[in-house]
Amino acid sequence: QKEVEQNSGPLSVPEGAIASLNCTYSDRGSQSFFWYRQYSGKSPELIMSIYSNGDKEDGRFTAQLNKASQYVSLLIRDSQPSDSATYLCARGGSSGGTSYGKLTFGQGTILTVHP
Amino acid sequence: DTGVSQDPRHKITKRGQNVTFRCDPISEHNRLYWYRQTLGQGPEFLTYFQNEAQLEKSRLLSDRFSAERPKGSFSTLEIQRTEQGDSAMYLCASSPMPGRGTPGETQYFGPGTRLLVL
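Residues numbered from 1 in each chain as written. Chains lettered and ligands numbered in written order. Predicted model: local features only at pLDDT ≥ 70, side-chain atom pairs only at ≥ 80, totals over all residues. Heavy atoms only, no water.

**Q** For this particular structure, what's the right way to read the interface of chain B and chain A?
**A** Frequently, the measure chosen for interface size is the accessible area that the parts lose on association. Contacts between the two partners involve 23 residues from chain B, matched on the other side by 21 residues from chain A. When chain B packs against chain A, the two sides together hide about 1,700 Å² of surface, and 55% of this comes from carbon and sulfur. Here chain B is connected to chain A by 1 salt bridge. Across the contact surface, chain B and chain A share 4 residue pairs in polar contact (both at pLDDT 80 or more). Elements with a contribution of two residues or more to the side of chain B that touches chain A: strand 4 (31-37), strand 5 (44-50), strand 9 (88-95) and strand 10 (108-109) of chain B. Take the side of chain B that touches chain A: its biggest share by element is 4 residues, from strand 4 of chain B. Residues of the side of chain B that touches chain A, tallied by class, amount to 11 nonpolar, 8 polar and 4 charged. (Contact = heavy atoms within 4.5 Å. Buried area = accessible area lost by both parts, 1.4 Å probe. Salt bridge = Lys/Arg side-chain N within 4 Å of Asp/Glu carboxyl O. Polar contact = N/O pair within 3.5 Å; in protein donor to acceptor, adjacent residues only side chain to side chain. Helix = DSSP H or I, 4+ residues; strand = E, 2+ residues; numbered from the N terminus. Nonpolar A, V, L, I, M, F, W, Y, C, P; charged D, E, K, R; others polar.)

Now the structure itself:
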């Protein structure tokens, strides 16, 4: 089982729709989770971090975390063509509830928003 | 520009040559990370520093790879005797120390160095 797994893509949505990106993780001790966006040929750019169960909203983006189900998601409302990119889910390292070091990434989901 | 910077941005080398990459983190960040990313995959952790101390190294970091952060500021990643399998994007990221009670620290990535080994 991969440590961080993202729903297989690519995902294609029409402009203005809601895009839903999902991620599961295997380490129950994980405390911190991150969504990054990566345009082709560029480096990852942070969208959101989430640490607590529930929803966290930032503009058109909402991250959802369910630690019991070991599940993280990202919703993008009113999707725009400029949102077309690869979305990376990552979990922070953890040990006994203490964060350390590295991020472990999923393989990414390619999102295409078509006009 | 106060973001993470990396140099060079692109490097083409022949198999067997040595290459060195540099990363300058965000100035107040005391943690610095190296990752490697190949096409269609997420970044894979290589190693990280807290100040000048190298705290963790991945099994991916073979003995041909070495990283340093001598004064706790910039870092270098050297690959000796490059192989075609080393072709990838090498990403550097930095973060502040997490505060007490903060479960994680956000890492900010540089633009990456794209390595092609012929």
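**Q** Please explain the packing of aromatic side chains as it appears in this structure.
**A** Each aromatic ring pair is specified by the distance between its two centres and by the angle formed by the two planes. In total, this model carries 12 aromatic pairs over all chains according to the counting rule given. When the ring of Tyr36 of chain A is compared with that of Phe105 of chain A, the centres are 5.7 Å apart and the planes differ by 50°; the resulting orientation is tilted. Of this pair, Tyr36 of chain A sits in strand 4 (residues 33-38) while Phe105 of chain A sits in strand 10 (residues 98-105), and the two are 69 residues apart along the sequence. With a relative accessible area of 9%, Phe105 of chain A lands in the buried category. Judged by centre distance (5.5 Å) and plane angle (50°), the rings of Tyr35 of chain B and Phe109 of chain B are tilted. You can see Tyr35 of chain B sitting in strand 4 and its partner Phe109 of chain B sitting in strand 10, a full 74 residues away along the chain. The two residues Tyr35 of chain B and Phe109 of chain B agree in class, both being buried. Chaining the aromatic ring pairs together yields one cluster made of Tyr36 and Phe105 of chain A together with Tyr33, Tyr35, Phe45, Tyr48 and Phe109 of chain B. The ring of Phe61 of chain A has Arg60 of chain A lying over it, and the distance from NZ or CZ to the ring centre is 5.5 Å. For Arg22 of chain B, the ring lying beneath its charged end belongs to Phe74 of chain B, and the centroid distance is 3.9 Å. (Phe/Tyr/Trp six-rings, centres within 6.5 Å; stacked < 30°, edge-to-face > 60°. Buried < 20%, exposed > 50% of the residue type's maximum accessible area, 1.4 Å probe, protein only. Lys NZ or Arg CZ within 6 Å of the ring centre and 35° of its normal.)

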